[in-house]
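Below are the chains, spelled out letter by letter.
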Amino acid sequence: MTDFVKIFDTTLRDGEQSPGASMNVEEKVRIAKQLARLDVDVIEAGFAISSPGDFEAVRRISHEVEGPVVCSLARAKPEDVDKAYEALKGAPKPRIHTFISTSDIHLKHQFRMTREEAKKRAVEMVSRAKGYVDDVEFSPMDASRSERGYLYEVIEAVIAAGATTVNIPDTVGYAIPTEFGELISGIKKNVSNIDKAVISVHCHNDLGLAVANSLAAVMNGARQVECTINGIGERAGNASLEEIVMILRTRRDILNIDTKIITEHIHPTSRLVSSITGIMVQPNKAIVGDNAFAHESGIHQDGLLKDKTTYEIIKPESIGLSRSTLVMGKHSGRHAFKARLKELGYELSDENLNKAFEKFKVLADQKKEVFDEDIEAIVAEEILRIEIPERFRLDKLSVASGTETVPTATVEIAIDGKQEKETGTGDGPVDAVYKTIAKMTGTKSKLLRYSVNAITGGTDAQGEVTVRLQENDHIVLGQGAHTDIIVASARAYVNALNKLEHKKKERKERVV
Ligand code: KIV
Ligand code: ZN
């Protein structure tokens, strides 16, 4: 009989700890709804005490997202546990996840506690959390570098205090698979009450082994895996959800263990997370990379044409990489458009749906085929417009450039509703546009990155431009799409400037 592993998604908590990946509350709610569609077992919605934004995200997800258990992280401190509960109150299935380190390195240098003090605190905070909710998870942080005998003692004590899940983190991504598997089997053998709790694992990817370590743990009895979409997370990231899920599904023949994930939602979820966080997925990334199902070699193509199983171990359709996106075109109706948006993880209000549909129709008239990426680009623009107050609005743009011309841009922008027009030059057409806009808006920002991506094939593709701008300690990502890449560049830049303005007003105060 097949056994099942719970999927605990921490994209919104550990994933958000990826440098530059911070998300606003609205974006977190959107991702959480998509995670519910994917049917994850647990959503770690945030770290309630860490910032007002995290608190609000946990609170809203608790009220608005149906299906999965909703969890908040809490240090082993009374105020953290209380705050986690306050944020989780509306959730039908709340979980408090509290943690403290158990390794001597952490206890000595960071926590400045003795082993006994840490164990006592762990037990007290699990009991406190248990006073609020039935479902309590405890993590002995840096477990893989903790002395085994002490680790077993702590685990036994927190289970006796009411922990229903014990999560074993490889916090610094130091373990190797055989060793980590043995750690889990050691816990199963040496912790007398281990049958009263689910063993979970939480592996970081510093040595590129997060997925392999998680898998070794599962093969040795772990029944919850903590992971993130696209493997984002602190430093080198966490174990990637899509890899764990697809390994278990594809190799069920020998592992005989599965998850209840609806895999057809994997690809849209990956796209949603990368478009919201601005963290691109590397093209050769397993499962969700652009090249994961692209066959280049003639021999492989020949085999595939004869029979897909020759070189394809996973059906692209099984992760929601639907070839049917080609069908979306000018004959598609509003209903089909809405359904496709839902599959891609977007649920728009009627008003926004109408706006997006109008744009889609215009694009469908210009292009032979409209792909998912085109639709996403349209929606991202609509959504970004709605969420970010538009202090600057790009109205008109014309550019002259060529082999014999000094690149010159004439830009019309509405600034706080007041129309401005300016002409400027630069080293190329994009440089001319950016310098002119920078002068008009008086921005002091630095352009950290500029990338242009033909998001669909062919010369009639939508160009998607992504810029990363920095002003003081604010870093933002702007995106713009258009069939003319200079216009897309200008839109991306103005979009980023509006976000910078917004960020400057809403400084997020993180406690940790
Ligand atoms: O990496 C880690 O140890 C963590 C814990 C808070 C579970 O993220
Ligand atoms: Zn972590």
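Just so it is clear, the model here is predicted, and its values are computed rather than measured.

Enquirer: Just to check I follow, could you spell out the packing of helix H7 (residues 177-190) against helix H8 (residues 210-219) for this structure?
Expert: Packed helices, taken two at a time, are described by the angle between their axes plus the distance between the axes. Relative to each other, H7 and H8 sit at 35 degrees, their axes nearing to 8 Å. Remark: the crossing between H7 and H8 carries right-handed chirality. For the pair H7 and H8, contact is made by Pro-177, Phe-180, Gly-181 and Ile-184 and by Ala-212, Asn-213, Ala-216 and Ala-217, respectively. The residue makeup of the contact of H7 with H8, split by class, is 6 nonpolar, 2 polar and no charged.

Enquirer: Sorry, what's going on with the packing of aromatic side chains here?
Expert: For any pair of aromatic rings, the description consists of the separation of the ring centres together with the inter-plane angle of the planes. Applying the stated criterion across every chain yields a total of 7 aromatic pairs. Centre to centre, the rings of Tyr-434 and Tyr-450 are 6.2 Å apart; their planes meet at 75 degrees, and the pair counts as edge-to-face. Note that Tyr-434 is positioned in helix H16 (residues 429-441) and Tyr-450 in strand E14 (residues 446-454), a separation of 16 residues in sequence. Considering the side-chain rings of Tyr-434 and Tyr-493, the 4.1 Å spacing of their centres and the 10 degrees angle between planes classify their relative orientation as stacked. Of this pair, Tyr-434 sits in helix H16 while Tyr-493 is found in helix H17 (residues 485-505), placing the two residues 59 residues apart along the sequence.

Enquirer: When you look at the coordination of the zinc ion (ligand 2) in this model, what are you seeing that I'm missing?
Expert: Reference geometry at the metal: tetrahedral coordination by four donors gives ideal angles of 109.5 degrees; octahedral coordination by six donors gives 90 or 180 degrees. Each protein donor to the zinc ion (ligand 2) is listed here as Asp-14 (OD), His-202 (NE2) and His-204 (NE2); together their distances run 2.0 to 2.1 Å. Between the donor residues of the zinc ion (ligand 2), the gaps in sequence give the motif D-x187-H-x1-H.

Enquirer: Explanation requested: the site of ligand 1 in the structure shown.
Expert: All residues adjacent to ligand 1 are Arg-13, Asp-14, His-97, Phe-99, Ser-139, Met-141, Asn-167, Pro-169, Thr-171, His-202 and His-204. A distance of 3.0 Å is found between an oxygen atom of ligand 1 and a side-chain nitrogen or oxygen belonging to Arg-13. At 3.1 Å, a side-chain N or O of His-202 approaches an oxygen atom of ligand 1. Notes on ligand 1: free accessible area 260 Å², of which the protein chains cover 95%. Secondary-structure elements contributing two or more residues to the shell around ligand 1 are strand E5 (94-101), strand E6 (135-141) and strand E7 (165-170). For the shell around ligand 1, a count of residues per class yields 3 nonpolar, 6 polar and 2 charged.

Rules of the game
The residue numbers shown here count from 1 along each chain, following its written sequence. The order in which chains are written sets their letters, starting at A; the order in which ligands are written sets their numbers, starting at 1. Residue-level local features of this predicted model are given only where pLDDT is at least 70; pairs of side-chain atoms are given and counted only at 80 or more, and the full residue set underlies all totals for whole chains, interfaces and linings. Derived side-chain values reflect all non-hydrogen atoms in the structure, with water molecules and hydrogen atoms excluded from consideration. Angles here are taken between N-to-C directions and fall from 0 to 180 degrees, while the axes themselves are lines fitted to C-alpha atoms, restricted in helices to the stretch in contact. The helix count covers DSSP runs of H or I at least four residues long, the strand count covers runs of E at least two residues long, and both are numbered beginning at the N terminus. Should the near helix be turned anticlockwise from the far one by less than a right angle, the crossing is termed left-handed; should it be turned clockwise, right-handed. Any pair of residues with heavy atoms lying within 4.5 Å of one another is described as a contacting pair. All amino acids are sorted into three groups, where Ala, Val, Leu, Ile, Met, Phe, Trp, Tyr, Cys and Pro are nonpolar, Asp, Glu, Lys and Arg are charged, and the leftover types, Gly among them, are polar. The criterion for an aromatic pair is that two Phe, Tyr or Trp rings (for Trp, the six-membered ring) have centres within 6.5 Å, with stacked assigned to planes under 30 degrees apart, edge-to-face to planes over 60 apart and tilted to the rest. Any N, O or S atom lying within 2.8 Å of the metal counts as a donor, and for Na, K and Ca the limit rises to 3.2 Å; water is left out, so some sites can look incomplete. Here a residue is considered near a molecule or strand provided that any single heavy atom belonging to it is located within 4 Å of it. Any N or O atom pair separated by 3.5 Å or less is treated as a polar contact, with the protein-specific requirement of one donor-capable and one acceptor-capable atom, and with residues adjacent in sequence counted only for side-chain atom pairs. Methods summary: accessible areas were calculated by the Shrake-Rupley approach with a probe of 1.4 Å, and residue burial reflects only the protein chains presented.

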